[in-house]
Amino acid sequence: MPSLIGKQALIVGAGMGGLTAARALADYFERVLVLERDALPEQAKDRPGTPQGKHVHALLAGGQHALGDLFPGFEDDLAQTGAVPLRVGLDVRAERPGYDPFPQRDLGWYSYAQSRAQLELSVRQRVCAYANVVIQPRCRVQECVAGADGTAVTGVRCMQVDGKSETLPADLVVDASGHGTLTLGLLKSSGHALPEETTIGVDLAYASAVFAIPEDAPPDWKGVFSFPQAPESKRGGLLLPLEGERWIVTVAGRHGDNPPGDWDGFMTYAQQLRTPAIYNAIKHARRLGRVARFRFLASAYRHYERLAAFPRGLLPLGDALCQFNPVYGQGMSVAAQEARALGRLLATRAAERDPLEGLAPAFFAAASALIETPWAMAAIPDFVYPETRGERPTDLDQRFKVGSALNKLAARDPAVHKLMAEVQHLLKPRSALQEPELMQRVWTALTAG
């Protein structure tokens, strides 16, 4: 049995980051209390605290594996709740400029398509099975509470549903609230330095709609990804299946090319995508519910790993550390990987005299290593648009050329295709694409034009 290292841990937020963190902490604290401002539905329904939940969500293989490590047998849970298995490389038609479609191949593993609400419910049910974990909905956390010298967090101050404010003690507080303002507020109030922040202004707007899958649905794919001809075009689309024999379609544009929120406007926007597969699939399909819209202005990475000092007993996790451009579907998976890393850190430190001493810098280093690949995989394509704000790499043009050469190799070579998919799914680090033999092939392709 793992060694207990504290009486109570508090987690702010019952989204994917908070729930997976609760599992990671459950073995090491007498009580784990998850505080969530929303009411939590007993069924798979969207809630106000996750407005992006009405849009396409992806659970990458790296996140799926992390959830399987945290909750053994989790893939069986997905199948039982109706999540649709997708054979990676084969079942989703990827329409890229120059490849309509990109070669469809079985790359060797399954991912699962489902709604964000259903995935969150499945994780929440797993977390609630732990007797020492309590999820308290409709509780708004107002601030983190620190000792007089500001060197350690001792709990949080929150407001209950009845309007009463109380202070809850904790040995460890995990800020999985999303924007991370609780952590930033504590640092400001206690005189600590704020983390450096890297931002990339993507000005993304998207709209989503759900359809009943028609009987005459195309038999050669389960989903479609329509990529724009960047930078000339700013709009793309993604269709994926959902539980309950449904499709969800998200269309997105950047820098002012915003999709409308009415049905006629949505369908016209979908019709004007670079490729027709998505529109042709949905033009006669039965519409379910309303069109939902969302905006995402900028990706933001707070570099807590660079701070010289950080309060004991506090850890930001998930979006509180790094908010990714949602078009790449990385956020939930990285949050699950961070929670798994936190659990592994506690396992190695549990036998120490003071396991919480130095936990924050150790966790920030582990999280930074996890964030490096997805951040780079998103940042470089985002900079293809001149309007994207942020510091561009000095070798950006060369990186674009290397990426194009890798795509050409992947189209011809199933092994390169699989390797690129493994990196995109966070199964391997980005450095795997920089192995000498592969880079030699890339340079040969570039030299040949």
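Below, the structure is looked at part by part. Since the structure is predicted, the reported quantities are computational estimates derived from the model, not experimental observations.

## What about the overall build of the protein chain?
Consideration 1: Tallying secondary structure elements over the protein chain gives 12 helices and 17 strands in all.
Consideration 2: Relative to the globule expectation of 22 Å for 449 residues, the C-alpha radius of gyration of the protein chain, 22 Å, shows essentially globular dimensions.
Consideration 3: Principal-axis analysis of the C-alpha atoms places the extent of the protein chain at approximately 60 × 50 × 40 Å.
Consideration 4: The proportion of buried residues among the 449 residues of the protein chain is 54%.
Consideration 5: In the protein chain, 71% of the contacts between residues at least 6 apart in sequence involve partners at least 24 apart.
Consideration 6: Carbon and sulfur atoms provide 51% of the accessible area of the protein chain, an area that totals close to 19900 Å².
Consideration 7: The averaged location of the 49 negative side-chain charges in the protein chain is 3 Å from the averaged location of its 48 positive side-chain charges.

## A closer look at the packing of aromatic side chains
Any pair of aromatic rings gets described here by the distance separating the centres and the angle formed by the planes.
Consideration 1: This model, assessed by the stated rule, comprises 13 aromatic pairs.
Consideration 2: With centroids separated by 5.6 Å and ring planes inclined at 55 degrees, the aromatic side chains of tyrosine 301 and tryptophan 375 adopt a geometry described as tilted. With tyrosine 301 in strand β15 (residues 287-303) and tryptophan 375 in helix α9 (residues 359-382), this pair connects stretches of sequence that are 74 residues apart. The same class applies to tyrosine 301 and to tryptophan 375, which are both buried.
Consideration 3: Ring-pair connections join several aromatic residues into one group, and the members of that group are Tyr304, Phe310, Phe363 and Phe364.
Consideration 4: Arginine 87 extends its terminal NZ or CZ atom over the ring of tyrosine 110, reaching a point 4.4 Å from the ring centre.
Consideration 5: The aromatic ring of tyrosine 269 is capped on one face by arginine 235, whose charged end is 3.7 Å from the ring centroid.

## Remarks on the environment of valine 291
Consideration 1: Along the chain, valine 291 falls in strand β15.
Consideration 2: Spatially, the C-alpha atoms of valine 291 and alanine 209 are 4.9 Å apart, while their sequence positions differ by 82 residues.
Consideration 3: In contact with valine 291, not counting residues within four places along its chain, are Ala207, Ser208, Ala209, Pro260, Gly261, Asp262, Trp263 and Phe266.

## Some details on the sheet that holds strand β17 (residues 322-323)
Consideration 1: If you walk across this open sheet you meet the 7 strands as β4-β12-β13-β14-β11-β15-β17, and the pairing is mixed. Only two strands of the sheet have a single partner each, and these edge strands are β4 (92-95) and β17.

## Describing the sheet that holds strand β10 (residues 172-175)
Consideration 1: As summarised here, the arrangement of the 5 strands in space is β6-β2-β1-β10-β16, forming an open sheet in which the pairing is parallel. The sheet is open, and its two edges are formed by β6 (133-136) and β16 (314-316), each paired on a single side. Going across the sheet, the axis of each strand differs from the next one's by a mean of 15 degrees, ignoring polarity.
Consideration 2: In the sheet, strand β2 (residues 29-35) pairs with β6 via 4 bridges, with the strands oriented parallel. In the sheet register, leucine 33 faces β6, and the bridge partner there is valine 134.

## So, the packing of helix α10 (residues 396-412) against helix α12 (residues 436-447)
Consideration 1: Packing of α10 against α12 brings their axes to within 9 Å, and their N-to-C directions diverge by 100 degrees. With respect to their mutual orientation, α10 and α12 come out roughly perpendicular. Residue-level contacts link Gln398, Lys401, Val402, Ala405, Leu406 and Leu409 of α10 to Leu438, Met439, Arg441, Val442, Trp443, Ala445 and Leu446 of α12.
Consideration 2: Looking at the contact of α10 with α12 residue by residue, the classes come out as 10 nonpolar, 1 polar and 2 charged.

Definitions and limits used
- Per chain, the residues get numbers from 1 upward, laid out in the order the sequence is written.
- Reporting in this predicted model follows two pLDDT cut-offs: at least 70 for local features of residues, and 80 or more for side-chain atom pairs to be given and counted; totals over whole chains, interfaces and linings ignore these cut-offs and use all residues.
- Side-chain descriptors were evaluated using all non-hydrogen atoms of the structure, hydrogens and water having been removed beforehand.
- Only runs of H or I of at least four residues qualify as helices and only runs of E of at least two qualify as strands under DSSP, and these elements are numbered from the N terminus.
- Note that the radius of gyration is over C-alpha atoms, with the globule rule given as 2.2 Å times the number of residues to the power 0.38.
- The classification of residues rests on relative accessible area computed with a 1.4 Å probe and restricted to protein chains. Under 20% of the type maximum is buried, over 50% is exposed, and intermediate values are partly exposed.
- Two residues form a contact once any of their heavy atoms are found within 4.5 Å.
- Accessible surface area values rest on a Shrake-Rupley calculation with a 1.4 Å probe, where residue burial reflects the displayed protein chains alone.
- Counted as positive: Lys and Arg. Counted as negative: Asp and Glu. His and the chain ends are not counted at all.
- Taken as the charge location is NZ of Lys, CZ of Arg, CG of Asp or CD of Glu.
- Centres within 6.5 Å make a pair out of two Phe, Tyr or Trp rings, where for Trp the six-membered ring is used; the pair is then stacked when the planes are under 30 degrees apart, edge-to-face when over 60, and tilted otherwise.
- Note on criteria: charge over ring means Lys NZ or Arg CZ within 6 Å of the ring centre, with the direction from the centre no more than 35 degrees off the ring normal.
- When DSSP finds two or more bridges between a pair of strands, those strands are recorded as paired.
- In this analysis, axes come from line fits to C-alpha atoms, helices being fitted only over the stretch in contact, and the angle between any two N-to-C directions falls in the range 0 to 180 degrees.
- Each angle is binned into one of four classes, with values under 35 degrees roughly parallel, values over 145 roughly antiparallel, values of 65 to 115 roughly perpendicular, and all other values oblique.
- In this count, Pro and Cys sit with the nonpolar residues alongside Ala, Val, Leu, Ile, Met, Phe, Trp and Tyr, while Asp, Glu, Lys and Arg are called charged and the others, Gly among them, polar.

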